[in-house]
Amino acid sequence: MTQDELKRAVGEAAAAYILPHLEEDSIIGVGTGSTANCFIDALASHKHLFDGAVASSEASATRLKEHGIPVYNLNSVGSLDFYIDGADEINERLEMIKGGGAALTREKIVAAVAKEFICVADESKLVTSLGTFPLPVEVIPMSRSYVARELVKLGGDPVWREGVMTDNGNHILDVHNMKIASPMEMETRINQITGVVTNGLFALRPANILLLGTQDGVKTVKAD
């Protein structure tokens with residue numbers, strides 16, 4: 001199977017996983033990126049079974065609306081039973097690096113509200129140690145240089161993702177060569193830097209379940 005076929009397979013598996021639990025008033029959290037798009041596409045034919053969705057990006061909101069799925073503002077939603085999203089990297093504890101699509105802050109917010117976080121990914125995203133994928137850090141624009149200097153002190157090589165502005169109007173620093181021995185500790189340390197909105201480590205709130213696309217089919221992985 002190609003990588004695109006693996007993504008479609010896990011998107012369909014995620015839809016199949018949540019459908020038996022949905023009710024007419026259910027609202028689903030939906031992430032951002034190519035694998036999340038496959039989930040949205042798989043969900044479209046079942047839109048009559050639930051109320052609508054909360055999207056973690058404008059791009060995902062647009063795709064949901066194109067399928068006729070109502071999109072709600074998170075402030076009008078009390079809770080979400082599920083949040084389905086991809087990852088740039090994920091380890092066996094289901095801690096992740098996310099933010100390649102620059103939607104990390106909204107993704108973290110939606111994940112925080114959800115009762116169950118389902119990560120959908122192909123087998124190339126499963127790693128033994130996080131950090132090969134550059135760690136995205138969303139920053140207030142005026143703090144970019146200061147935050148970059150602080151990230152160097154933590155052992156990283158930050159690079160401004162020029163030409164990219166988040167849906168929140170902020171900048172992204174991609175931190176290369178960061179040694180992440182303790183993802184939870186590093187997530188906290190970076191978030192404490194003044195000017196940082198959040199960073200792409202999802203360790204304090206990891207996924208509950210990983211649906212992993214492999215050449216042998218979709219495997220369900222739970223955190224160790």
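That block above? That's the structure.
Now for a quick tour of the structure. (Residues numbered from 1 in each chain as written. Predicted model: local features only at pLDDT ≥ 70, side-chain atom pairs only at ≥ 80, totals over all residues. Heavy atoms only, no water.)

**Observations regarding helix H1 (residues 3-18)**
Okay, step 1: Taking 1.5 Å per residue as the helical rise, H1 with its 16 residues ought to reach 22 Å, and the 23 Å between its terminal C-alpha atoms agrees with that figure.
Okay, step 2: Within H1 the residues assigned to the buried category are Leu-6, Lys-7, Val-10, Gly-11, Ala-14, Ala-15 and Ile-18.
Okay, step 3: Buried residues along H1 sit against strand E1 (27-30), helix H2 (34-43), strand E3 (80-85), strand E6 (114-122), strand E12 (209-214) and strand E13 (217-222). (Helix = DSSP H or I, 4+ residues; strand = E, 2+ residues; numbered from the N terminus. Expected span 1.5 Å × (residues − 1). Buried < 20%, exposed > 50% of the residue type's maximum accessible area, 1.4 Å probe, protein only. Contact = heavy atoms within 4.5 Å.)

**Remarks on the side chain of Thr-198**
Okay, step 1: Within the element layout of this structure, Thr-198 appears in strand E10 (residues 196-199).
Okay, step 2: Residue class for Thr-198 comes out buried when judged on its relative accessible area of 7%.
Okay, step 3: At 3.2 Å, the side chain of Thr-198 and the side chain of Lys-108 are in polar contact.
Okay, step 4: Apart from the residues lying within four places of it in its own chain, the contact partners of Thr-198 are Leu-104, Thr-105, Lys-108, Val-137, Glu-138 and Asn-191. (Polar contact = N/O pair within 3.5 Å; in protein donor to acceptor, adjacent residues only side chain to side chain.)

**Details of the packing of H1 against H2**
Okay, step 1: Two numbers describe how H1 lies on H2: the axes approach to 8 Å, and their chain directions differ by 50°. It follows that H1 is oblique to H2 by the angle criterion. Here H1 and H2 pass one another in a crossing that is right-handed. Here Lys-7, Arg-8, Val-10, Gly-11, Glu-12, Ala-14, Ala-15 and Ile-18 of H1 come into contact with H2, specifically with Ser-34, Thr-35, Cys-38, Phe-39, Ala-42 and Leu-43.
Okay, step 2: Here the contact of H1 with H2 is built from residues that sort into eight nonpolar, three polar and three charged. (Axes fitted to C-alpha atoms, helices over the stretch in contact; angles between N-to-C directions. Parallel < 35°, antiparallel > 145°, perpendicular 65-115°, else oblique. Left-handed = near helix turned anticlockwise from the far one by under 90°. Nonpolar A, V, L, I, M, F, W, Y, C, P; charged D, E, K, R; others polar.)

**Quick notes on the sheet that holds strand E9 (residues 171-176)**
Okay, step 1: One open sheet holds the four strands; their spatial order is E8-E9-E7-E10, and the pairing between them is antiparallel. Edge positions in the sheet fall to strand E8 (157-160) and E10, since each has one partner strand and no second. Put simply, the sheet's adjacent strands are angled 30° from each other on average, direction ignored.
Okay, step 2: In the sheet, strand E7 (residues 135-139) pairs with E10 via three bridges, with the strands oriented antiparallel. Its bridge partner lying in E10, Val-139 is registered against Val-196.
Okay, step 3: Helix H4 (residues 104-113) contacts E7, E9 and E10 of the sheet and is inclined by roughly 70° relative to E10.
Okay, step 4: Helix-sheet contacts for helix H5 (residues 144-153) involve E7, E8, E9 and E10, and the interaxial angle to E9 is about 15°. (Pairing = 2+ DSSP bridges.)

**Focus: the packing of aromatic side chains**
Okay, step 1: Taken as a whole and assessed by the stated rule, the structure comprises two aromatic pairs.
Okay, step 2: Plain terms: the ring middles of Tyr-17 and Phe-82 are 6.4 Å apart, the flat faces sit at 80° to each other, and that makes the pair edge-to-face. Of this pair, Tyr-17 sits in helix H1 while Phe-82 sits in strand E3; the two residues are 65 residues apart in sequence, bridging distant segments of the chain.
Okay, step 3: By relative accessible area, Tyr-17 is classed as partly exposed at 27%. (Phe/Tyr/Trp six-rings, centres within 6.5 Å; stacked < 30°, edge-to-face > 60°.)

**Some points on the nonpolar core**
Okay, step 1: Within the largest apolar cluster, 24 residues are counted, with the highest numbers of intra-cluster contacts made by Ile-18, Ile-28, Phe-39 and Ile-84.
Okay, step 2: Elements represented by at least two residues in this core include exactly H1, E1, H2, strand E2 (52-55), helix H3 (58-66), E3, E6 and E12.
Okay, step 3: In contact with Ile-18, not counting residues within four places along its chain, are Ile-28, Phe-39, Leu-43, Phe-82, Ile-84 and Ile-118.
Okay, step 4: Listed in part, the 20 residues of the second largest apolar core include Ile-27, Val-54, Met-96 and Val-110. (Core = buried A, V, L, I, M, F, W, Y, C linked by side-chain atoms within 4.5 Å.)

**So, the pattern of salt bridges**
Okay, step 1: By the definition in use, this model includes nine salt bridges.
Okay, step 2: We note a salt bridge from Asp-81 to Lys-115, for which the minimum N-O separation is 3.3 Å. Taken together, the residues span a long stretch of sequence, with Asp-81 in strand E3 and Lys-115 in strand E6 at a distance of 34 residues.
Okay, step 3: Exposure remark for Lys-115: the relative accessible area of 57% places this residue in the exposed category.
Okay, step 4: Three or more residues joined by partner-sharing salt bridges are found here, namely Asp-85, Lys-98 and Glu-107. (Salt bridge = Lys/Arg side-chain N within 4 Å of Asp/Glu carboxyl O.)

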